[in-house]
There are 2 protein chains.
Amino acid sequence: MRVYGEFDFIEDIRRMFAAMSNNSFEGIGDDCAVLPIGNDEALVFTSDMLNEDVHFWADKSTPYQIGYKSLMVNISDVAAMGAKPVATLLSLALPQECFGEWSEEFIRGYYAASEKHNVKLVGGDTTASINDICISVTAIGRASISNIKRRSAAKVGDMIFVTGELGGSAMGLKDVAKGILDSECAKTHLMPEARVAEGEWLASHADVHAMTDISDGLERDLQHILDESKVSAVVTEQYVPRVKGATWGETVRGGEDYELIFTVGGRDIPRLMDEFEQKFGRRLYPIGVIEESDDDVHALGWRGESGVRYNEEVGGYSHFFMLLDDE
Amino acid sequence: MRVYGEFDFIEDIRRMFAAMSNNSFEGIGDDCAVLPIGNDEALVFTSDMLNEDVHFWADKSTPYQIGYKSLMVNISDVAAMGAKPVATLLSLALPQECFGEWSEEFIRGYYAASEKHNVKLVGGDTTASINDICISVTAIGRASISNIKRRSAAKVGDMIFVTGELGGSAMGLKDVAKGILDSECAKTHLMPEARVAEGEWLASHADVHAMTDISDGLERDLQHILDESKVSAVVTEQYVPRVKGATWGETVRGGEDYELIFTVGGRDIPRLMDEFEQKFGRRLYPIGVIEESDDDVHALGWRGESGVRYNEEVGGYSHFFMLLDDE
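Residues numbered from 1 in each chain as written. Chains lettered and ligands numbered in written order. Predicted model: local features only at pLDDT ≥ 70, side-chain atom pairs only at ≥ 80, totals over all residues.

Engineer: Would you take a moment to explain the overall build of chain A for this structure?
Structural biologist: For chain A, the count of helices and strands is nine helices and twelve strands. Scaling as 2.2 N^0.38, a compact globule of 327 residues should have a C-alpha radius of gyration of about 20 Å, and chain A matches this with 19 Å. In terms of its C-alpha atoms, chain A occupies a principal-axis envelope of roughly 55 × 55 × 50 Å. Residue pairs at least 24 apart in sequence account for 84% of intrachain contacts in chain A once pairs closer than 6 positions are excluded. (Helix = DSSP H or I, 4+ residues; strand = E, 2+ residues; numbered from the N terminus. Rg over C-alpha atoms; globule rule 2.2 N^0.38 Å. Contact = placed C-beta atoms within 7 Å.)

Engineer: Which parts of the structure should I look at to understand the interface of chain A and chain B?
Structural biologist: In many analyses, interface size is given as the accessible surface area lost on bringing the parts together. Counting from both sides, the interface comprises 65 residues of chain A and, opposite them, 65 residues of chain B. Residue assignment for the side of chain A that touches chain B shows that the elements contributing at least two residues are α1 (6–18), β1 (33–38), β2 (41–51), β3 (84–94), α3 (101–116), β4 (120–128) and β5 (134–144) of chain A. Among the elements that line the side of chain A that touches chain B, the one with the most residues is β4(A), at nine residues. For the side of chain A that touches chain B, a count of residues per class yields 33 nonpolar, 22 polar and ten charged. (Nonpolar A, V, L, I, M, F, W, Y, C, P; charged D, E, K, R; others polar.)

Engineer: What am I meant to see in the sheet that holds strand β12 (residues 307–310) of chain A here?
Structural biologist: Strands in a sheet are paired, the pairing made by backbone hydrogen bonds, and the direction either parallel or antiparallel. Residues and elements named next belong to chain A. Here seven strands make up an open sheet; going across it, the order is β7-β9-β6-β10-β8-β11-β12 and the pairing mixed. Where the open sheet ends on each side, the last strands, each with one partner, are β7 (208–213) and β12. For this sheet, the mean angle separating the axes of adjacent strands, direction not counted, is 25°. Its contacts with the sheet place helix α7 (residues 218–229) against β7, β8 (232–236), β9 (260–264) and β11 (300–304), and it is angled at close to 140° to β7. (Pairing = 2+ DSSP bridges. Axes fitted to C-alpha atoms, helices over the stretch in contact; angles between N-to-C directions.)

Engineer: Which parts of the structure should I look at to understand the domain arrangement of chain A?
Structural biologist: All names here are of chain A. When the domains of chain A are assigned, the result is domain 1 (6–146) and domain 2 (148–310). The C-alpha-based centres of domain 1 and domain 2 are spaced at 22 Å. Facing the 25 residues of domain 1 at the interface are 24 residues of domain 2. At the level of secondary structure, the elements contributing two or more residues to the side of domain 1 that touches domain 2 comprise α2 (63–80) and β3. Per element, the largest residue contribution to the side of domain 1 that touches domain 2 is ten residues, and it comes from α2. Considering only residue class, the side of domain 1 that touches domain 2 consists of 13 nonpolar, six polar and six charged. (Domains from an automatic or database assignment.)

Engineer: Honestly, the confidence of the model for chain A in this entry has me stumped. Any pointers?
Structural biologist: Detailed reading of the predicted model is not advised wherever pLDDT is low. In this model, chain A carries a mean pLDDT of 91, and residues with pLDDT of at least 70 account for 94%. Here the predicted complex carries an ipTM of 0.91, next to a pTM of 0.93. (pLDDT = per-residue confidence, 0-100.)

Engineer: Before we go on, may I ask you to explain unusual backbone geometry in this structure?
Structural biologist: Trans peptide bonds make up most of the peptide bonds, and negative phi angles are found at most residues other than glycine. Residue and element names in this part refer to chain B. The backbone of N23 shows a phi angle near 50°, a positive value even though the residue is not glycine. If you trace the backbone, N23 turns up in the loop between α1 (6–18) and β1 (33–38). Judged by local crowding, N23 falls into the partly exposed class, with 16 C-beta atoms found within 10 Å. The backbone of D53 shows a phi angle near 65°, a positive value even though the residue is not glycine. Note on placement: D53 falls in the loop between β2 (41–51) and α2 (63–80). (Buried ≥ 20, exposed ≤ 12 C-beta atoms within 10 Å, placed from the backbone.)

Engineer: Would you take a moment to explain the packing of α2(A) against α3(A) for this structure?
Structural biologist: Geometrically, a packed helix pair is captured by the angle between its two axes and the distance between the axes. Residues and elements named next belong to chain A. Their axes nearest at 6 Å, the elements α2 and α3 cross at an angle of 40°. In terms of orientation, α2 and α3 fall into the oblique class. Note that α2 runs across α3; the crossing there is right-handed. Every residue of α3 that contacts α2 at P63, Y64, Q65, I66, G67, Y68, S70, L71 and M72 is listed here: W102, E105, F106, I107, R108, G109, Y110, A112, A113 and S114. Residues that form the contact of α2 with α3 fall into these classes: twelve nonpolar, five polar and two charged. (Parallel < 35°, antiparallel > 145°, perpendicular 65-115°, else oblique. Left-handed = near helix turned anticlockwise from the far one by under 90°.)

Engineer: Is there a simple way to think about the packing of α1(A) against helix α3 (residues 101–116) of chain B in this case?
Structural biologist: At a minimum axis separation of 10 Å, α1(A) and α3(B) run at an interaxial angle of 25°. In terms of their interaxial angle, α1(A) and α3(B) are classed as roughly parallel. The interaxial crossing formed by α1(A) with α3(B) has right-handed handedness. Here A:F9, A:D12, A:I13, A:M16 and A:F17 of α1(A) lie close against α3(B), whose contacting residues are B:S103, B:E104, B:I107 and B:Y111. Looking at the contact of α1(A) with α3(B) residue by residue, the class counts come to six nonpolar, one polar and two charged.

Engineer: I tried to follow the environment of B:L284 on my own but got confused; where do I start?
Structural biologist: Residue and element names in this part refer to chain B. For L284, the position within the fold is in the loop between α9 (269–280) and β10 (285–291). In this structure L284 comes out as buried when scored by C-beta crowding, with 24 C-beta atoms within 10 Å. Between the C-alpha atoms of L284 and L272, which are twelve residues apart in sequence, the distance is 8.9 Å. Here L284 is in contact with F161, T163, M273 and F276, once residues within four sequence places are set aside.

Engineer: Would you mind showing me how to read the relation of the copies chain A and chain B here?
Structural biologist: The relation between the two copies of this chain is a rotation about an axis and a shift parallel to it. Aligned on chain B, chain A shows an RMSD of 0.0 Å; the corresponding rotation is 180° and the shift along the axis is 0.0 Å. Here the transformation between the copies is reduced to the relation of a two-fold axis. Taken as a fraction of all interface residues of chain A, those also at the interface in chain B reach 100%, which identifies the copy contact as same-surface. (Least-squares fit on C-alpha atoms with pLDDT ≥ 70 in both.)

Engineer: Hey, could you run me through the sheet that holds β2(A) in this one?
Structural biologist: All names here are of chain A. With mixed pairing, the five strands of this open sheet are ordered in space as β1-β2-β5-β3-β4. Each end of this open sheet is capped by a strand with a single partner; those strands are β1 and β4. Here the strands of the sheet are splayed against their neighbours by 15° on average, with no regard to which way each runs. Where β2 meets β5, eleven bridges bridge the pair, whose relative direction is antiparallel.

Engineer: When you look at the pairing of β2(B) in this model, what are you seeing that I'm missing?
Structural biologist: The side chains of a regular strand alternate, first on one face of the sheet and then on the other. Residues and elements named next belong to chain B. Counting buried positions along β2 yields ten of eleven residues, so the element is predominantly enclosed. As defined by bridge partners, β1 adjoins β2 across five bridges and the pair is classed as antiparallel. Within the sheet, the bridge partner assigned to P36 lies in β2 and is A42. What sits between the antiparallel neighbours β1 and β2 is a turn of two residues, in which N39 has the positive phi angle 55°.

Engineer: Just checking my understanding: could you explain helix α6 (residues 196–203) of chain B for this structure?
Structural biologist: An α-helix turns once per 3.6 residues; consequently, residues spaced three or four apart project the same way. All names here are of chain B. Burial in α6 covers these residues: V196, E198, G199, L202 and A203. End-on, the buried residues of α6 take up no more than an arc of 165°, which puts them together on one face. In this structure, the buried side of α6 is in contact with α2, β3 (84–94), β5 (134–144), β7 (208–213), β9 (260–264) and α9. (Arc of directions from axis to C-beta.)

Engineer: Mind showing me how you'd approach the environment of B:Q223 here?
Structural biologist: Residues and elements named next belong to chain B. Looking at the secondary structure, you find Q223 in helix α7 (residues 218–229). For Q223, a count of 20 C-beta atoms within 10 Å corresponds to the buried category. Along the sequence, Q223 and H298 sit 75 residues apart, while their C-alpha atoms lie 7.7 Å from each other.

Here you go:
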């Protein structure tokens, strides 16, 4: 018998709230909820929680790193919509011994990440906790409605891109678990960078259709795009950019890379790639193509040496995921 | 030596972020942060966290009640600004055994409270937890900017009102601690009601100046108004409405009553009271008057049989409080 788990719970919530009015909100079930506010403007909202011994080990990362990461993983969801993060609310449950040196270092890291992207802390809550450290961040972003990139916007024929090499965070997690905290990969895992400027720049291009960030792993996050867009895709394995040394599993299922994955139509793909490289000093990686779906199966295929192999079940890193989908 | 605690931490955060641009946000440090969005409209934002064995005992309240309360305490802050709650984001950290019956009952309670006030759940996160249940809610509200009621708006001569009897929640907490879960007061504590319609109605009256909700206790919450408005106040003890049986301490320092406390100027106070009673079937309680401050001391005085006694130190229920103040 299958055990009732997080995904069943989310499905229950989805069904329960589906009947209620959306109060002008759109895009529920995407990286962020979207609220149009007039004049082609919208606000976007997302919340992520980081919990001790689930998302981090308090003895294997500094409070500064935890604070930094708490901010970055949240604004990554804002960037994934093509919006500009403007503010956050931070709620913290801390065991008594964490008030003092720990909390000061935490907020220094949170501030450094906030300052980097000019995101203001506008509210929140702090409370005691009996056992675990629990961190909850809500990020607020702004965007032109016409620029917002939804998971549901991929079109047949689109090329699929990622903004950087994958697998580094998963390799880093292994290092961190072993107590190796100063490797390049450990740093990638402990202090990820959200692709904020990249997301905003891509958002301003109408040929960029669907977009999301790679928090759960390429495989799972691309599958979200396929399911929401009702399309299939074939990714060419050798095109997927890997951090040196990363296994295939770490690369496509590792998660927490916080690169962007997006689809592009139109004839100006080479120019988009050139301009991106010129602007950000890094290249865009084309990894596959969006294809038509058979019936209701939004299949993700991998083109390797022996042809195309389709996924049977989507694996990935299951800590973070969006709660709702009102369709 | 005084121990570094939550309030010191908040003061550190305040100082750290004060230098950063507000990104158009106002009212940081109030019940909610305020973001004007044009056309005399604003959105308001607040986050509160509820943590196991700090805000609730999992064995002394039902998951339904915890879900209900999680929603209500958050939209109470929205109501306290005079705004209409429209949406929430919910993040939940749950021990594995809570996925299933517990989580289903929790979300049923959360839904019931949401439906009562037509508040849509638009996003969030669920995650595993090793030990504690941790619940974080962000509530979003809308209001006309001209209707928003800030803690800082009390004026000398204003009369101070509360919307209902106090002390019930504190009495209920004692019952709950003893395992008496079905008393009237226990229910008040376990399933509080936010004064949403009342807050919106009061907000539409220009004579209503400052407003906040009683979450930390009358004494502490009124002190917030005095500090932000740079005024003093004298409250007449016998006018403070008490739930039958509540001690003085439970009444003014108990907290979690979620009634509104607000100040009113102008000459139409009797009409305001009449209209409120007609509309809501309950009366408004005048309890005191806003007075001028001496220097920087925003004193709260209590008028009893032996004259006026001023508070030396403000006591109260310290679980919930706002994080930030950019002044």
